[in-house]
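# Per-entry structural report
Residues per chain, in single letters:
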Amino acid sequence: MSQSILVLHGPNLNLLGTREPHLYGHTTLDELNAVLAGLATTLGATLTAFQSNHEGVLVDRIQAARLDGTDFIVINAGAYTHTSVAIRDALAGVKLPYVEVHLSNVYKREPFRHHSYLSDLALGVVAGLGPLGYEAAVRFAAQHVEPV
Ligand code: DQA
């Protein structure tokens, strides 16, 4: 069975490559998405990537995932991780399995980044591994089978 994976990037992740590279590295979002798409192909999965700076747009995309054949979501909600009950509720509402990813180790950073509205509903959380964290999440997603 071929997994359909949706990778969601939240606010400011469109600036990857130039944004605080000491925290987020030099890889651009396009480069990251290309690596993930290639990885998905080698794993026999399909991958769609989507970025928005807007909370409601991310909620709409999560809701659409319920109907468009998405099997698994990999999400870096950026700062909305720490603030958004709406994104949490959308993920809970569509009942799709997901992994939460952060490029940086949020637990080494400011205390307001230590809380996530998404983690307790996630199958897993990856933080601090840079782009490799997304790759690990895509590998996990590609082999994940939902219990029946
Ligand atoms: C981030 C960590 C968040 O705290 C921050 O607001 C981001 C990026 C990360 O990938 O490390 O925008 O999610």
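One structure accompanies this document, and this report is about it. Computed from a predicted model, the values in this text were never measured in an experiment. (Residues numbered from 1 in each chain as written. Predicted model: local features only at pLDDT ≥ 70, side-chain atom pairs only at ≥ 80, totals over all residues. Heavy atoms only, no water.)

### Concerning the side chain of S4
By the element assignment, S4 lies in strand β1 (residues 4-9). Each residue touching S4, except ones within four places of it in the same chain, is listed here: T46, G69, T70, D71 and F72. (Helix = DSSP H or I, 4+ residues; strand = E, 2+ residues; numbered from the N terminus. Contact = heavy atoms within 4.5 Å.)

### Regarding the sheet that holds strand β5 (residues 124-127)
Across the sheet, five strands lie side by side as β2-β1-β3-β4-β5; this open sheet has parallel pairing. What marks the edges here is a single partner per strand, and that holds for β2 (46-51) and β5. Adjacent strand axes in the sheet meet at a mean angle of 15°, parallel and antiparallel pairs treated alike. Sheet analysis places strand β3 (residues 72-76) next to strand β4 (residues 98-102), joined by three bridges and oriented parallel. If you follow I73 over to β4, its bridge partner there is Y98. Strands β1 and β2 of the sheet are contacted by helix α2 (residues 29-42), whose axis makes an angle of about 160° with β2. (Pairing = 2+ DSSP bridges. Axes fitted to C-alpha atoms, helices over the stretch in contact; angles between N-to-C directions.)

### Topic: empty space enclosed by the protein
Across all of its chains, the model carries one cavity of 30 Å³ or more by this definition. In this structure, the largest cavity spans a volume of roughly 30 Å³. Along the walls of the largest cavity sit L8, H9, G10, L58, I62, I75, N76, A77 and I87, which together make up its complete lining. Mapped by element, the contributors of at least two residues to the lining of the largest cavity are β1, α3 (55-65) and β3. In terms of residue class, the lining of the largest cavity is built from six nonpolar, three polar and no charged. (1 Å grid on protein atoms, 1.4 Å probe; cavity = no way out; pocket = protein on both sides within 12 Å on 5 of 7 lines; lining within 4 Å. Points joined across faces, edges and corners; volume = space filled by probe spheres on them. Nonpolar A, V, L, I, M, F, W, Y, C, P; charged D, E, K, R; others polar.)

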